[in-house]
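Below are the chains, spelled out letter by letter.
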Amino acid sequence: MIAASIIRAIVTNKNFQWHVVGTYLFDSRITHGVLVTIELTVLSMLIGVLLGVILAIMRRSPNPVVSGASWLYIYFFRGTPLLVQILFWYSIAALFKTIDLGIPFGPALVHLNSNTVITPLVAALLGLGLNEGAYMAEIVRAGLLSVDEGQSEAAASLGMGRLQVLRLIVLPQAMRVIIPPTGNETISMLKNTSLVSVIAYTELLYSVQQIYSVSFQTIPLLIVASIWYLAMTSVLYVGQFFIERRFGRGFSRAEQMTMRARWLGMGRGGAGGGVG
Amino acid sequence: MSEPMIKAEAVHKRFGRLEVLKGIDLEVERGEVMCLLGPSGSGKSTFLRCINHLEKINSGRLSVDGELVGYRESGGKLHELHERDVARKRAEIGMVFQHFNLFPHMTALENVTLAPTRVLGASRREARDRATDLLARVGLADKLSTYPVALSGGQQQRVAIARALAMQPKLMLFDEPTSALDPELVGDVLDAMRRLAHDGMTMIVVTHEVGFAREVGDTVVFMDAGVVVETGKPADVLGNPQHERTRAFLTNVL
């Protein structure tokens, strides 16, 4: 009853201006913003996952300097707001006018002007990607810890080196634990890309803001943005299902569930399985 | 006679302040099957794990096939081996674990072909043929594409034996290979090991299966509290133990 009356209120309230939503849904400025949002999400997650794996492996290092560096990174990037980090990267030219890449205290090999290198895109990617790396590091670490020590021992006893053990035995099994929270992170990332609107980068939210700042149709345009965000997260749900199924191989005695069966709640508890 | 396959002299191992091995002296000849018996916590498994350097010894000397385990000797000093060399030596020693430790994300066949292709550089076809043959020999010809989770404990352990044998090791270590199995599944695993012993493989078996030790073992070693209490032919150690501790243990397990 309550839900029905809420829906009725939403549909019949003229202030929602549903016809405006229809007009702008496939506007070229909006679809461009959608593409930029997807691009930002994909690139930032790639940076985040890659950094996360490296940081998680560093955390396990017996060398205290290496594991300490990883700890400090995670401490810093998890402990400050993402919005602040994005603004910081965008304004880094105020701190360092030029960026020199080369031998520390030695001659510079590359000489760059901060204002030209740190474009809004670079600032956005640095802000989103480096922050994500800290969160992914903890997710990957939990995944690595979930793999029984006997697995590494068995692999080592077969003569595999440390990297081979990690790549062929530990990481593939850790994936089963890493993927669900990573799906979560990707969905968060998709929405967090909207934060880079503050540095005037034209992703979906900023595109919408540009339109309604002129036309004052704020509510319908925010609905347009929400519809697109929902559509994109829906696609991610489907993708996550198939990736989880791929890495769940060998962990369940039951036949692999179909997506339909899972939605209907007919599948028996999938994960687990007594593997020694 | 050539030098022994394994030679341990005064091997000590500590975990923190707990001394687990208090000076082990042992020799295992080529082709010998040695069974290690003893109460849990006596250091049998730890000693086994020292042989392929899964555990580092704290003092003493331990060598396999005439070469020190994990160290290189030059100028009267011991230098720790590079990780790559440790791995290379481990590849020559097969190990079978109490809890099988099969790779759950790979089929039985993939479990067996992985190390030969990745470590020894064997071709896929070569590794596949050999793995198929080994799995058939342990009675699992029809389980090639089955994942470990769908195999019984006994079947998993036989895949683990095939996996170790695929590396053509010169020595096999068994760490309580039947302790985690239901009683009715023990027989198939012991059969596979018996055949291996018959083919002349050098084996060290940590076990509670006194019957197996008596029948298949060339030597039985009884360990307790980090020391070797008694060594000898199975008939002597098991039939006529000289030490009180051996007698007490045998009374308990028989």
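Above this note sits the structure.
Here goes a summary of the coordinates provided. Quick caveat: nothing in here was measured; it's all calculated off a predicted structure.

Focus: the overall build of chain A
- Of the regular secondary structure elements, chain A holds 13 helices and two strands.
- Per-residue burial over chain A gives 38% buried out of 276 residues.
- Of the contacts made within chain A by residues no fewer than 6 positions apart, 68% connect residues no fewer than 24 positions apart.
- Total accessible area on chain A is roughly 15600 Å²; 67% of this is exposed by carbon and sulfur atoms.

What about the environment of B:Glu3?
Residue and element names in this part refer to chain B.
- Here Glu3 lies in the segment before β1 (6-15).
- Classification of Glu3 by relative accessible area gives partly exposed; the value is 45%.
- With 25 residues separating them along the chain, Glu3 and Val28 place their C-alpha atoms 9.5 Å apart.
- Every residue in contact with Glu3, bar those within four places of it in the chain, is listed here: Arg30, Asp65 and Gly66.

Quick word on the environment of B:Ile161
Residue and element names in this part refer to chain B.
- Counting through the fold element by element, Ile161 comes out in helix α5 (residues 153-165).
- Sequence-wise, Ile161 and Asp182 are 21 residues apart; in three dimensions their C-alpha atoms are separated by 18 Å.
- Sequence-distant contacts of Ile161, that is, excluding residues within four places in its chain, are made with Val96, Met172, Phe174, Val189, Ala192 and Met193.

A look at the layout of surface pockets
- By volume, the largest pocket amounts to about 1200 Å³.
- Along the walls of the largest pocket sit 31 residues, with A:Arg60, A:Pro62, A:Ser152, A:Arg162 and B:Glu83 positioned nearest its centre.
- Of all the elements in the fold, those that place two or more residues in the lining of the largest pocket are α3 (28-59), α9 (149-157) and α10 (162-192) of chain A together with α2 (83-90) of chain B.
- Class assignment for the residues of the lining of the largest pocket results in 15 nonpolar, five polar and eleven charged.

Structural notes on the interface of chain B and chain A
- If you look at the interface, chain B gives 26 residues, while chain A gives 26 residues.
- Carbon and sulfur atoms supply 61% of the area buried between chain B and chain A, which totals about 2300 Å² over both sides.
- Of all residues in chain B, B:Pro104, B:His105 and B:Val149 give up the largest surface area on contact with chain A, accounting jointly for 27% of the area buried on that side.
- The interface formed by chain B and chain A includes two salt bridges.
- In this structure, A:Glu153 engages B:Arg49 in a salt bridge whose closest nitrogen and oxygen atoms are separated by 2.6 Å.

Considering the packing of helix α8 (residues 120-146) of chain A against α10(A)
Residues and elements named next belong to chain A.
- Packing of α8 against α10 leaves a shortest axis separation of 8 Å and a crossing angle of 140°. Classified by chirality, the crossing of α10 by α8 is right-handed. Note on element contacts: α10 touches α8 through Leu166, Val170, Leu171, Ala174, Val177, Ile178, Pro181, Thr182, Glu185, Met189 and Asn192, opposite Leu128, Glu132, Tyr135, Met136, Ile139, Val140, Ala142, Gly143, Leu144 and Ser146.
- Grouping the constituent residues of the contact of α8 with α10 by class yields 15 nonpolar, four polar and two charged.

Some remarks on the packing of aromatic side chains
- Here the structure, examined in full by the defined rule, presents seven aromatic pairs over all chains.
- On the basis of an interplanar angle of 10° and a centroid distance of 5.2 Å, the ring pair of A:Trp71 and A:Tyr75 is categorised as stacked. Taken together, the positions of A:Trp71 and A:Tyr75, both in helix α4 (residues 64-79) and four residues apart, correspond to about one turn of that helix.
- For A:Tyr75, a relative accessible area of 56% corresponds to the exposed category.
- For the ring pair A:Phe241 and A:Phe242, a centre distance of 5.2 Å and an interplane angle of 85° mean the geometry is edge-to-face.
- Through a chain of ring-to-ring contacts, three or more aromatic side chains come together here, namely A:Tyr73, A:Phe76 and A:Phe77.
- Its guanidinium or amino end placed over the ring of A:Phe247, A:Arg246 lies 5.1 Å from that ring's centre, counting from NZ or CZ.
- Above the plane of the ring of B:Phe103 lies B:Arg163, whose end atom (NZ or CZ) is 4.5 Å from the centre.

Regarding the sheet that holds β1(B)
Residues and elements named next belong to chain B.
- Taken in spatial order, the four strands make up an open sheet running β2-β1-β4-β5, and their pairing is antiparallel. A strand with exactly one partner marks an edge of an open sheet, and here the two such strands are β2 (18-28) and β5 (67-68).
- Lying on the sheet, helix α1 (residues 44-51) is in contact with β1, β2 and β4 (59-64); it crosses β2 at an angle near 65°.

Considerations on a nonpolar patch on the surface
Residues and elements named next belong to chain A.
- Taken together, the side chains of Met1, Ile2, Ile6, Ile7, Ile10, Val11, Trp18 and Ile227 present a nonpolar region at the surface, about 850 Å² in accessible area.
- For the nonpolar patch, the element with the highest residue contribution is helix α1 (residues 2-12), accounting for five residues.
- On the basis of relative accessibility, which here comes to 65%, the residue Ile2 falls in the exposed class.

As for the sheet that holds strand β9 (residues 171-175) of chain B
Residue and element names in this part refer to chain B.
- Within the open sheet, the six strands sit side by side as β8-β9-β10-β3-β11-β12. Their pairing is mixed. For this open sheet the edge positions go to β8 (93-96) and β12 (227-232), each flanked by a neighbour on one side alone. Averaged over all pairs of adjacent strands, the angle between strand axes in this sheet comes to 15°, irrespective of strand direction.
- In this fold helix α6 (residues 183-198) packs onto β3 (33-37), β9 and β10 (203-206), with an angle of close to 150° to the strand it touches most, β10.

Here's the deal with the nonpolar core
- One finds A:Met160, B:Ile6, B:Phe47, B:Ile51, B:Leu62 and B:Phe103 to be the most contacted residues of the largest nonpolar core, which totals 76 residues.
- Looking at this core, the element that brings in the most residues is α8(A), giving eleven residues.
- Setting aside residues no more than four positions away along its own chain, B:Phe103 makes contact with A:Gln151, A:Ala154, A:Ala155, A:Leu158, A:Met160, A:Ile169, B:Asn111, B:Leu114, B:Pro148 and B:Arg163.
- Ranked by size, the runner-up nonpolar core spans 47 residues in total, among them B:Leu37, B:Leu144, B:Val159 and B:Val189.

Criteria and thresholds
In this convention, every chain numbers its residues from 1, walking through the sequence in written order. For this description, chains carry letters from A and ligands carry numbers from 1, given in the order in which they are written. Thresholds applied to this predicted model are a pLDDT of at least 70 for local features of residues and 80 or more for the giving and counting of side-chain atom pairs; totals over whole chains, interfaces and linings are not thresholded and use all residues. Only hydrogens and water are set aside when side-chain values are computed; all heavy atoms of the structure are taken into account. Secondary structure follows DSSP: runs of H or I at least 4 residues long count as helices, runs of E at least 2 residues long count as strands, and numbering of each begins at the N terminus. Throughout, exposure labels follow a simple rule: accessible area from a 1.4 Å probe, protein chains only, divided by the maximum for the residue type, with under 20% read as buried, over 50% as exposed, and the rest as partly exposed. Two residues form a contact once any of their heavy atoms are found within 4.5 Å. Every accessible area reported is derived by Shrake-Rupley at a probe size of 1.4 Å, with residue values counting cover from the shown protein chains alone. Both site types are read off a 1 Å grid over the protein atoms alone. A 1.4 Å probe that fits but cannot get out defines a cavity, while an open set with protein on both sides within 12 Å along at least five of seven lines defines a pocket; lining residues have an atom within 4 Å of a point. Grid points are joined across faces, edges and corners, and a volume is the space filled by probe spheres set on the points. Polar here means any residue outside two lists: the nonpolar Ala, Val, Leu, Ile, Met, Phe, Trp, Tyr, Cys and Pro, and the charged Asp, Glu, Lys and Arg; Gly therefore counts as polar. What counts as buried area is the accessible surface, traced by a 1.4 Å probe, that two parts surrender upon association, with contributions from both included. Salt bridge, as used here, is a side-chain nitrogen of Lys or Arg placed within 4 Å of a carboxyl oxygen of Asp or Glu. Lines fitted to the C-alpha atoms define the axes, with helices restricted to the stretch that makes contact. Angles between their N-to-C directions range from 0 to 180 degrees. Left-handed is the label given to a crossing in which the near helix is rotated counterclockwise from the far helix by less than a right angle, and right-handed is the label when the rotation is clockwise. Stacked, tilted and edge-to-face are the three classes assigned to paired rings of Phe, Tyr and Trp, where Trp is represented by its six-membered ring and a pair needs centres within 6.5 Å; plane angles under 30 degrees give stacked, over 60 edge-to-face, the rest tilted. Two conditions define a charge sitting above a ring: the NZ of Lys or the CZ of Arg must be within 6 Å of the ring centre, and it must be within 35 degrees of the ring normal. Whether two strands pair comes down to DSSP finding at least two bridges between them. What makes a patch is a set of residues exposed beyond 30% relative accessible area and free of salt bridges, joined within 9 Å when like-charged and within 5 Å when nonpolar (Val, Leu, Ile, Met, Phe, Trp, Tyr). By nonpolar core is meant a set of buried Ala, Val, Leu, Ile, Met, Phe, Trp, Tyr and Cys residues that side-chain atoms within 4.5 Å join together.

Limitation: the analysis is restricted to geometry and does not speak to function.
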